[in-house]
Amino acid sequence: MWPLWRLVSLLALSQALPFEQRGFWDFTLDDGPFMMNDEEASGADTSGVLDPDSVTPTYSAKEISPDTTLLDLQNNDISELRKDDFKGLQHLYALVLVNNKISKIHEKAFSPLRKLQKLYISKNHLVEIPPNLPSSLVELRIHDNRIRKVPKGVFSGLRNMNCIEMGGNPLENSGFEPGAFDGLKLNYLRISEAKLTGIPKDLPETLNELHLDHNKIQAIELEDLLRYSKLYRLGLGHNQIRMIENGSLSFLPTLRELHLDNNKLARVPSGLPDLKLLQVVYLHSNNITKVGVNDFCPMGFGVKRAYYNGISLFNNPVPYWEVQPATFRCVTDRLAIQFGNYKK
């Protein structure tokens, strides 16, 4: 294991300014403002003669200032978080442990971190969500691990949590225990690149964004979206969806963006004209052969509250020259429509 004390020299940077996320979507980026090369991340002096492999891994929280707000330990060989590793760091705001080899976390490892809001622990070897996460936590990024199960109660007490990124784990629908998300009031949830065959049940009904792309979902049934009436962005691209049951989308009255690209749909989903706020629809790379004049826009004027500014239909076997111009009467501009480029 790479000794944690070798990383302490990095922490001088953390005391200059508190961690600040530039934008909400920075949360989803792997190569964000923290990413640095291995030498920078380790804090090692390459001009020295000390061989790190000859040093016994030791670490003491006393070597880190108690005023530290950002602790960045990514891109190392850390394999375990012990009970007192973060002792005395009561002001820590963000902890970055991305791209290590962490497989074991003591149940009290995070106990001292009473002000921690951002925990980035992606690209490790975790097989379970860490226990006893700080109640102050707002964002958890734990994608690209080996998690197969989300048990009931694992998120209990996390009243401030609003973002969870847990894609890239071998999660199946059966891996979510009933009540696994009880008590959470999430705005954003991503479970992409997993092994889902359907939309998980009992996700937080407070969600504004749900991303389930790159799974194995085959259909959207009527009750699948019943509890997610606050969604304004739904990502279902790169699945195997062949069927969307009539009426399924009617439960999403505030939806603004819908991603259904790279699936196996044979027609435009019904119900789109009734979504008065919908502005972006991705339907490219499906098996759609026909586009009807009322597939996107409602009949009559003044019904739709926001016009489309993006409809993608390219890479579908639809004869676009047969599509009537009135089909896109509620689109802001012709350039917002993407057609053609179909290859068998």
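Residues numbered from 1 in each chain as written. Predicted model: local features only at pLDDT ≥ 70, side-chain atom pairs only at ≥ 80, totals over all residues. Heavy atoms only, no water.

Trainee: Please clarify how the state of the cysteines should be interpreted in this entry.
Mentor: Covalently bonding the sulfur atom of one cysteine to the sulfur atom of another cysteine gives a disulfide. The tally for this structure, following the rule as stated, stands at one disulfide. Between the sulfur atoms of cysteine 297 and its disulfide partner cysteine 330 the distance amounts to 2.0 Å. Sign of the S-S torsion, about -85° for the bond between cysteine 297 and cysteine 330, identifies this disulfide as left-handed. In this pair, cysteine 297 sits in the loop between strand S14 (280-282) and strand S15 (310-312) while cysteine 330 sits in the loop between S15 and strand S16 (337-338), placing the two residues 33 residues apart along the sequence. There is no split in this pair, since cysteine 297 and cysteine 330 are both buried. (Disulfide = S-S within 2.5 Å. Helix = DSSP H or I, 4+ residues; strand = E, 2+ residues; numbered from the N terminus. Buried < 20%, exposed > 50% of the residue type's maximum accessible area, 1.4 Å probe, protein only.)

Trainee: Explain the pattern of salt bridges to me, please; I cannot follow it from the model alone.
Mentor: Taken as a whole, this structure holds nine salt bridges when the rule is applied. A salt bridge links lysine 118 to glutamate 139; the shortest N-O distance between them is 3.3 Å. Of this pair, lysine 118 sits in strand S5 (residues 118-120) while glutamate 139 sits in strand S6 (residues 139-141), placing them 21 residues apart in sequence. Each member of the pair, lysine 118 as well as glutamate 139, is classed as buried. Among the salt bridges present, the one from aspartate 224 reaches lysine 201, with a minimum N-O distance of 2.8 Å. Separated by 23 residues along the polypeptide, aspartate 224 in the loop between strand S10 (219-220) and strand S11 (233-235) and lysine 201 in the loop between strand S8 (188-190) and strand S9 (209-211) bring together distant segments of the chain. Each of Glu165, Arg190 and Asp213 takes part in one network of salt bridges that share partners. (Salt bridge = Lys/Arg side-chain N within 4 Å of Asp/Glu carboxyl O.)

Trainee: Before we go on, may I ask you to explain the packing of aromatic side chains in this structure?
Mentor: Under the criterion given, the structure shown has eight aromatic pairs. Ring geometry for phenylalanine 86 versus phenylalanine 110: centroids 6.2 Å apart, planes at 10°, classification stacked. Highlighted residues: phenylalanine 86 in the loop between strand S2 (80-81) and strand S3 (94-96) and phenylalanine 110 in the loop between strand S4 (104-105) and S5, separated in sequence by 24 residues. Across this residue pair, the class does not change: phenylalanine 86 and phenylalanine 110 are buried. Residues phenylalanine 296 and phenylalanine 328 carry aromatic rings whose centres are separated by 5.8 Å and whose planes lie at 35° to one another, so their mutual orientation is tilted. Taken together, the residues span a long stretch of sequence, with phenylalanine 296 in the loop between S14 and S15 and phenylalanine 328 in the loop between S15 and S16 at a distance of 32 residues. The exposure classification of phenylalanine 296 matches that of phenylalanine 328, with both residues buried. Linked through ring pairs, Phe296, Tyr308, Tyr320, Trp321, Phe328 and Phe339 together constitute an aromatic cluster. One Lys or Arg, arginine 141, reaches over the ring of tyrosine 120 and ends 4.7 Å from the middle of that ring. (Phe/Tyr/Trp six-rings, centres within 6.5 Å; stacked < 30°, edge-to-face > 60°. Lys NZ or Arg CZ within 6 Å of the ring centre and 35° of its normal.)

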